[in-house]
Amino acid sequence: MTQSNQSLFAEYAYLPDGWRRNVLLEWNTDGMLTAVTPDSTAATPGVAYAAGPVLPGMPNLHSHAFQRAMAGLTEYRANATDTFWSWRDLMYRFAARISPEGLGAIAQWLYIEMLKAGYTSVCEFHYVHHTPDGTRYVNPAELAGRVVDAAKHTGIGMTMLPVLYQYSGFGSQAPRADQQRFINTPDSLLDLLGKLRDAHAEDASLRYGVAPHSLRAVSEDSLRAVLGGLDAMLPGAPVHIHIAEQTAEVDACLETEGARPVQWLLDRFDVDSRWCLVHATHVDADETVALAKSGAIAGLCLTTEANLGDGIFPAREYLEAKGRFGIGSDSHIGVDWRSELRLLEYGQRLSRRQRNVLASAEATHVADRLYAAALDGGARATGHPVGALQAGRRADWLVLDADHASIAGHGPDSWLSGVVFCEHGESPVRDVYAGGEKLVDNRRHRDEERAYAQYRVALADLLK
Ligand code: NGQ
Ligand code: ZN
């Protein structure tokens, strides 16, 4: 048995059965919780006290790190109609300028922002693999490796998902010139993954999976090939895919394949809880129920989906069908799980003209229900044992500031409501631990000044 060698006492901590008092958290040198004991005696000598209520850290199930550097730069109208697709053209122009050093610097700063917000792990849907004209780097995993280094350096848990991107549209259309950096075959992608694993072995904070980019970007055969290769290497590892973000892609799928994207995938593949379907935005009533039944995780990226004008996911019906979901910050127009959960509920309120739409008879507090669900689904999508304060899980949590204006004077029943729905000044997240290490102390990450300076250099280079 591994020795517990660190501990923290929390007057309140959020355990799988809700808020509990006087919780002793104990973890080992691998950063894994060894015991979580509610109703402990407070006065154990040598035990540190948490500065406020303790919540499990939130997994961020969808990130394209480089896009952090273009947040706020596409909020103007350049054409008569500005859509997701015109945004994508701008984004590709930006992607073409990313250098290995630049990517590393952006990812480091981004992951520090994530940690400060209380995201303790991230799934990186990484698709910028090659030089701008599509030539491989000497090390084909050069860029993915920079992102993994950034995660290690900042301390955030990582699920690296190298992306298979082959085609520019349904029916195996040839890639565009501005997609050359992304392109692989199943074999070259699996080779890249193998090299990445050789350089950065899995550990308590690092896992791998794959991400076929979308049904637009792979064929049925190549999807089978990459899944087969993954299973030979890492059986059961996570598989993430963009699935139905835009109505144009649903229409194109119907036209070329005779089925809507979610239905098409469920009909042909053994979709279960290892799958994360990112932007399952456009699902009809049957798909909503079928997706829920599959056990797959819907990857919802509310701030990005709002920013890009994607549409509204039928969250109420999906939750009623017991569907699982997690949240992601995707393009990083916002890097805060609180905004993602708030917007998930607000989309429903605005379209239905009702309140507390995503509550249920058993879970009457929306924020508590969404928080618990996003922890569960997000954790599953990472492939890591995270998402709960429980022995055997990674020691990932955040400490709230109980004196913060959004929750001061409240009892535990409304702490999550205050944290998710109120926006009053600085963040209520005070300290953050990942893998048992206190990485954020009183709202400061140990390396934030240096990382921000490097980020500014990378940004100046990109924008010059
Ligand atoms: C991406 N982003 O891969 O970065 C995509 C845009 C595409 C979002 N879907 C590219 N939000 O879907 O083709
Ligand atoms: Zn994405």
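Higher on the page you've got the structure.
First, a word on what this report is: a plain description of the structure on this page. What you see is a predicted model, and the numbers here were worked out from it, not measured in a lab.

What counts, and where the lines are drawn
- Residues numbered from 1 in each chain as written.
- Chains lettered and ligands numbered in written order.
- Predicted model: local features only at pLDDT ≥ 70, side-chain atom pairs only at ≥ 80, totals over all residues.
- Heavy atoms only, no water.
- Helix = DSSP H or I, 4+ residues; strand = E, 2+ residues; numbered from the N terminus.
- Expected span 1.5 Å × (residues − 1).
- Buried < 20%, exposed > 50% of the residue type's maximum accessible area, 1.4 Å probe, protein only.
- Axes fitted to C-alpha atoms, helices over the stretch in contact; angles between N-to-C directions.
- Parallel < 35°, antiparallel > 145°, perpendicular 65-115°, else oblique.
- Left-handed = near helix turned anticlockwise from the far one by under 90°.
- Contact = heavy atoms within 4.5 Å.
- Nonpolar A, V, L, I, M, F, W, Y, C, P; charged D, E, K, R; others polar.
- Disulfide = S-S within 2.5 Å.
- Salt bridge = Lys/Arg side-chain N within 4 Å of Asp/Glu carboxyl O.
- Phe/Tyr/Trp six-rings, centres within 6.5 Å; stacked < 30°, edge-to-face > 60°.
- Lys NZ or Arg CZ within 6 Å of the ring centre and 35° of its normal.
- Donors = N, O, S within 2.8 Å, 3.2 Å for Na, K, Ca; no water.
- Core = buried A, V, L, I, M, F, W, Y, C linked by side-chain atoms within 4.5 Å.
- Near = heavy atom within 4 Å.
- Polar contact = N/O pair within 3.5 Å; in protein donor to acceptor, adjacent residues only side chain to side chain.
- Areas by Shrake-Rupley, 256 points an atom, 1.4 Å probe, with all protein chains shown as cover.

1. Section: helix H3 (residues 142–154)
So, step 1. With 13 residues, H3 extends 19 Å between its outermost C-alpha atoms, agreeing within 8% with the 18 Å of an ideal straight helix rising 1.5 Å per residue.
So, step 2. For H3, every residue scored as buried is listed here: Leu143, Ala144, Gly145, Val147, Val148, Ala150, Ala151 and Thr154.
So, step 3. Positive phi shows up at Gly155, right after H3, with a value of about 100 degrees.

2. Observations regarding the packing of helix H11 (residues 337–352) against helix H12 (residues 366–382)
So, step 1. It is at 10 Å that the axes of H11 and H12 come closest, and there the two elements cross at 120 degrees. As summarised for this structure, H11 and H12 are arranged oblique, according to the angle between their axes. The two elements H11 and H12 meet at a crossing, and its hand is right-handed. Contact residues: H11 offers Trp337, Leu341, Leu344, Glu345 and Arg349, while H12 offers Val366, Leu370, Tyr371 and Ala374.
So, step 2. For the contact of H11 with H12, the class distribution of residues is seven nonpolar, no polar and two charged.

3. Structural notes on the state of the cysteines
So, step 1. Counted under the stated rule, the structure contains zero disulfides.
So, step 2. Counting only cysteine sulfurs, Cys276 is the nearest neighbor of Cys123, a cysteine outside any disulfide, at a range of 6.9 Å.
So, step 3. According to the relative accessible area criterion, Cys123 is buried, its value standing at 0%.
So, step 4. With no disulfide of its own, Cys301 lies 7.9 Å from the sulfur of Cys276, the closest cysteine sulfur.
So, step 5. On the accessibility criterion, Cys301 (0% relative accessible area) is buried.

4. Regarding the pattern of salt bridges
So, step 1. Under the counting rule described, the total for this entry stands at 35 salt bridges.
So, step 2. Notably, a salt bridge pairs Arg443 with Asp401, separated by 3.0 Å at the nearest N-O pair. In this pair, Arg443 is assigned in the loop between strand S17 (437–441) and strand S18 (444–445) and Asp401 in the loop between strand S15 (397–400) and helix H13 (415–421), connecting sequence segments 42 residues apart. For the pair Arg443 and Asp401, one class covers both residues: buried.
So, step 3. Of the charged contacts, one joins Asp431 and Lys438 as a salt bridge, the two residues approaching to 3.9 Å between their closest N and O atoms.
So, step 4. Salt bridges sharing common partners tie together Lys116, Arg444, Glu448 and Glu449.

5. So, the packing of aromatic side chains
So, step 1. A complete count under the given rule lists 22 aromatic pairs for this structure.
So, step 2. Considering the side-chain rings of Tyr346 and Phe421, the 5.7 Å spacing of their centres and the 45 degrees angle between planes classify their relative orientation as tilted. On the criterion of sequence distance, the pair formed by Tyr346 in helix H11 and Phe421 in helix H13 is long-range, its members being 75 residues apart.
So, step 3. Of the residues examined, Tyr346 reaches a relative accessible area of 31% and is grouped as partly exposed.
So, step 4. Within the aromatic cluster, the residues linked to one another by ring pairs are Tyr12, Tyr14, Trp19, Trp337, Tyr371 and Trp415.
So, step 5. The ring of Phe269 has Arg224 sitting right over it, with the charged end atom 4.2 Å from the ring centre.

6. Concerning the coordination of the zinc ion (ligand 2)
So, step 1. Surrounding the zinc ion (ligand 2) are the protein donor atoms His62 (NE2), His64 (NE2) and His242 (NE2), which sit 2.0 to 2.1 Å from the metal.
So, step 2. Counting residues between consecutive donors of the zinc ion (ligand 2) along the chain gives the motif H-x1-H-x177-H. Here His62 is found in strand S6 (residues 58–63), whereas its partner His242 is found in strand S11 (residues 239–242), with 180 residues between them in sequence.

7. Quick notes on the nonpolar core
So, step 1. Grouped together as the largest cluster of nonpolar side chains are 135 residues, with contacts concentrated most on Tyr111, Leu265, Trp275, Leu277, Phe325 and Trp337.
So, step 2. The element contributing the most residues to this core is helix H2 (residues 100–117), with eleven residues.
So, step 3. Setting aside anything within four residues of it in sequence, one finds Leu277 in contact with Ile241, Ile243, Val262, Leu265, Val271, Leu291, Ala296, Ile297, Ala298 and Gly299.

8. Remarks on the site of ligand 1
So, step 1. Close to ligand 1 lie 14 residues, the nearest being Arg88, Tyr127, His213, Arg216 and Glu245.
So, step 2. Interatomic distance of 2.7 Å between a side-chain N/O atom of Tyr127 and an oxygen atom of ligand 1.
So, step 3. One of the side-chain N or O atoms of Asp330 is found 3.3 Å from a nitrogen atom in ligand 1.
So, step 4. Protein contacts shield 100% of the accessible area of ligand 1, which totals 340 Å² for the unbound molecule.
So, step 5. Per-element accounting of the shell around ligand 1 gives the leading share, four residues, to helix H1 (residues 84–95).
So, step 6. Looking at the shell around ligand 1 residue by residue, the classes come out as five nonpolar, five polar and four charged.

Without other data, these values stay purely geometric and don't point to any function.
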